[in-house]
Amino acid sequence: MGVSVADDEAWMRYALRLAQRAEQLGEVPVGAVVVKDNRCIAEGWNNSIVSHDPTAHAEVVALRAAGIVVENYRLSDTTLYVTLEPCVMCMGALSHARVKRLVFGAYDPKRGAVCNALSLSDASFLNHHIDWTGGVLEADCSVLLKDFFRARR
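Calculation notes
- Residues numbered from 1 in each chain as written.
- Predicted model: local features only at pLDDT ≥ 70, side-chain atom pairs only at ≥ 80, totals over all residues.
- Heavy atoms only, no water.
- Core = buried A, V, L, I, M, F, W, Y, C linked by side-chain atoms within 4.5 Å.
- Buried < 20%, exposed > 50% of the residue type's maximum accessible area, 1.4 Å probe, protein only.
- Helix = DSSP H or I, 4+ residues; strand = E, 2+ residues; numbered from the N terminus.
- Contact = heavy atoms within 4.5 Å.
- Phe/Tyr/Trp six-rings, centres within 6.5 Å; stacked < 30°, edge-to-face > 60°.

> Teacher, can you tell me more about the nonpolar core here?
Generally speaking, a soluble globular protein has its nonpolar side chains buried in company with each other. Met12, Val34, Leu63, Leu80, Met91, Leu94 and Leu102 are the most contacted members of the largest nonpolar core, which totals 43 residues. Secondary-structure elements contributing two or more residues to this core are helix H1 (5–24), strand E1 (31–36), strand E2 (39–45), helix H3 (58–70), strand E3 (79–84), helix H4 (88–97), strand E4 (101–106) and helix H5 (138–152). In terms of residue count, H1 provides more of this core than any other element does, 7 residues in total. Among residues more than four places away in sequence, those in contact with Leu102 are Leu80, Val82, Pro86, Met91, Leu94, Val114, Ile130, Asp131, Trp132 and Thr133.

Written out as structure tokens, the structure is:
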């Protein structure tokens with residue numbers, strides 16, 4: 001049995017709640033959740049500013065936590081849900097972790113490394129390719145980010 005659109009939307013709503021946690025900390029509101037067998041095994045939200053760590057993007061935080069849970073740096077047969085199209089660093093981490101599927105909300109035309117600025121999901125030089133779906137609850141994810149940046153200007 002495959003994953004349904006309703007499942008993808010439910011997990012993205014979860015990721016949106018995590019993004020709101022990041023926003024409460026003054027971080028760019030991005031949230032991520034790692035799912036295996038339709039069960040959350042880890043979560044994360046942006047906390048680069050708070051933790052003084054440029055690698056503390058929501059995806060990386062969630063991947064680190066998932067690795068601890070499964071006691072392995074390989075996260076085969078997992079899906080990562082994230083509210084914004086991942087950057088180059090995060091796509092590299094997803095590939096190294098062997099995440100099976102990626103689902104994201106808002107597209108990032110300037111820095112997105114899935115299908116916009118770069119297309120790393122199927123880059124020939126990577127030995128792992130990630131199935132992906134973009135635009136899940138795109139409007140909700142985009143509004144959260146746009147409102148955050150509008151308030152900061």
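> What's the story with the packing of aromatic side chains in this structure? I'm lost.
Here the distance between the centres and the angle between the planes together describe a pair of aromatic rings. Inspection of every chain in the model, using the stated rule, returns 5 aromatic pairs. Considering the side-chain rings of Phe104 and Tyr107, the 5.0 Å spacing of their centres and the 85° angle between planes classify their relative orientation as edge-to-face. For the pair Phe104 and Trp132, a centre-to-centre distance of 5.8 Å together with 20° between the ring planes defines the contact as stacked. With Phe104 in strand E4 and Trp132 in strand E5 (residues 131–133), this residue pair connects regions lying 28 residues apart in the sequence. What makes Phe104 buried here is its relative accessible area of 0%. Here a set of aromatic residues connected by ring pairs shows up, and it is made of Trp11, Tyr14 and Tyr81.

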